[in-house]
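The residues making up each chain are set out below.
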Amino acid sequence: MLKVIAIVSGVLIALLGSVALLVFVGIRGFDVRDVSEVEKVLLASFSEYYPEIAVDLPLQACESYSARTNLDGSLELEYEYDSDNDPESPFLFYVSGASIERNTKSAMETFSILITGFKAGAAFVSSRKIIRIDNFHSLGDQNYSARI
């Protein structure tokens, strides 16, 4: 009886470990890498849209790009400018992302989830409003640009 309990316990621990690994990889992505020069064209960089402001900012210290391949084969690209990376800079946070999905249905679902999450996250910041910016960046089938 004790042997059966030990075997069942071992199997349960292995299953829990496998589930934890899948959740971790699902959240983090299967493959995280740098964004290629071709992929960077899909992202709206801060210096591209605000060159008059970007001249005075430490772009190299504050900019970062990342690409993540998810378990389902989709690809997420992200550009981020975060002034917290340079204590001398005035506060500024700018992010641009693109998601390349397997099919139209997945793309529409992902877009809806991301925009809903963006709006919900911004709503938690007191005294901030989301101001939608039309015709800012129109790559892809669906896009959303806003200023907080």
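Position labels on residues start from 1 in each chain and follow its written sequence. Whole-chain, interface and lining totals are the exception, using all residues; otherwise, since this is a predicted model, local features are given only for residues with pLDDT of at least 70 and side-chain atom pairs are given and counted only at 80 or more. Just so you know, side-chain values use all the structure's heavy atoms and leave hydrogens and water out.

Chemist: Any details on the confidence of the model for the protein chain? Residues and values, ideally.
Modeler: Values of pLDDT, ranging from 0 to 100, describe the predictor's confidence in every residue of the model. Averaged over all residues, the pLDDT of the protein chain equals 75, while 72% of them reach at least 70. Across the protein chain, strand S2 (residues 63-69) holds the top mean pLDDT of 90, while helix H1 (residues 2-28) sits lowest at 55. Under the DSSP-based scheme used, a helix requires at least four consecutive residues in state H or I and a strand at least two consecutive residues in state E, with every element numbered from the N terminus.

Chemist: An account of the pattern of salt bridges is needed here, citing residue identities and associated values.
Modeler: If the charged atoms of two oppositely charged side chains come close together, the side chains can form a pair. Whenever a carboxyl oxygen of Asp or Glu lies within 4 Å of a side-chain nitrogen of Lys or Arg, that contact is scored as a salt bridge. By the definition in use, this model includes five salt bridges. Put simply, Arg-68 and Glu-76 hold a salt bridge, and the shortest N to O gap is 2.5 Å. Judged by its relative accessible area of 24%, Arg-68 falls in the partly exposed class. In this scheme, a residue with accessible area under 20% of its type's maximum is buried, one over 50% is exposed, and one in between is partly exposed, where area comes from a 1.4 Å probe on protein chains only. Taking relative accessible area as the criterion, Glu-76 reaches 28% and is therefore assigned partly exposed. In this structure, Lys-105 engages Glu-109 in a salt bridge whose closest nitrogen and oxygen atoms are separated by 3.9 Å. A residue pair is termed a helical-turn pair when its members lie 3 or 4 positions apart in one helix, as Lys-105 and Glu-109 do in helix H6 (residues 104-123) at four residues. Given the relative accessible area of 60%, Lys-105 is considered exposed.

Chemist: Describe the pairing of strand S3 (residues 75-82), listing the residues and the values that go with them.
Modeler: Strands pair, by our definition, only if DSSP identifies at least two bridges between them. Summarising the sheet, S2 and S3 pair through seven bridges and their orientation is antiparallel. From the neighbouring strand, Thr-69 faces S3, where its bridge partner is Leu-75. Hairpin connection from S2 to S3: five residues lie between these consecutive antiparallel strands, with Gly-73 at a positive phi of about 95°. With eight bridges connecting them, S3 and strand S4 (residues 93-100) associate as antiparallel partners. By the bridge assignment for S4, Glu-80 is matched with Val-95.

Chemist: So what's going on with H6? Residues and values would help.
Modeler: A turn of α-helix holds 3.6 residues, and therefore any two residues three or four places apart point the same way. By this rule, a helix spans an expected 1.5 Å times one less than how many residues it contains. Given a rise of 1.5 Å per residue, 20 residues ought to cover 28 Å, and the 29 Å separating the end C-alpha atoms of H6 matches this to within 8%. Of all the residues in H6, the buried ones are Ser-106, Ile-115 and Ala-122. Axial view of H6: buried residues confined to an arc of 155°, hence all on one face. Residues Lys-105, Ile-113, Thr-116 and Ala-123 are exposed on H6 and point more than 90 degrees away from its buried face. Two or three places before Lys-105, at the opening of H6, Asn-103 has a side-chain oxygen 3.2 Å from that residue's backbone nitrogen. Directions from the helix axis toward the C-beta atoms define the arc. We call two N or O atoms a polar contact when they sit within 3.5 Å, provided that within protein one can donate a hydrogen and the other can accept it, with sequence-adjacent residues counted only if both atoms are side-chain atoms.

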